[in-house]
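If you want the building blocks of each chain, they are given just below.
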Amino acid sequence: MRLHLARAVVVGLICLPLLADVPEKPKYQLVLQAPPTTSVDSVAVSPDGSLAATAGGEGGVRLYNAKTGELLRTIGEVVGDRDVVFSPDGRLLAAAGFHMDKIVGVYDVQTGKGVLALEGQTEWEADATVFSPDGKLLASTATDKQVLVWELATGKLVHQLKN
């Protein structure tokens, strides 16, 4: 009995300070009104904080109102499921993944229409994309162990970094 009481005291002395540091419920919480049908593999928030984009196993990017969680639109049925990212000005969205078949798609956020289909990855799918801070370039990487960099104004591949 004393051993159990001693353990309880030790556990209490160790755990109580840790529990005191547990933050309260988050001040802001996004509750999606139309959640994805499968897991979400990537999520991004627009630069102005008004939109949230998700990409997941269903192979479509979903745009939500970040304040209400309301589903605004779905972009394509075969849009990337691995990665989604907003451009610095929030006007474009890049998506990559298994459903894209080695293509990185760039979409107009307001209309959901495709702007560019960037080809160049050589194996499976692109895993990750990122816009340059000025929004003029887009880089992607994939299972083919290369980084590709495109100029968005022309869609031209300007750099290819291998291995």
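Note on placement: G56 falls in strand β2 (residues 51-56). Judged by relative accessible area, which is 1%, G56 ranks as buried. Sequence separation between G56 and S42 is 14 residues, and the spatial gap between their C-alpha atoms is 6.6 Å.

Here four strands make up an open sheet; going across it, the order is β1-β2-β3-β4 and the pairing antiparallel. In this open sheet, the two strands that pair with only one neighbour each are β1 (40-45) and β4 (71-75). Taking the axes of each pair of neighbouring strands and ignoring which way they run, one obtains an average angle of 20 degrees across the sheet. The sheet contact formed by β1 and β2 spans five bridges and is antiparallel. Bridged to V45 within β2 is A52.

About the criteria used
Residues numbered from 1 in each chain as written. Predicted model: local features only at pLDDT ≥ 70, side-chain atom pairs only at ≥ 80, totals over all residues. Heavy atoms only, no water. Helix = DSSP H or I, 4+ residues; strand = E, 2+ residues; numbered from the N terminus. Buried < 20%, exposed > 50% of the residue type's maximum accessible area, 1.4 Å probe, protein only. Pairing = 2+ DSSP bridges. Axes fitted to C-alpha atoms, helices over the stretch in contact; angles between N-to-C directions.

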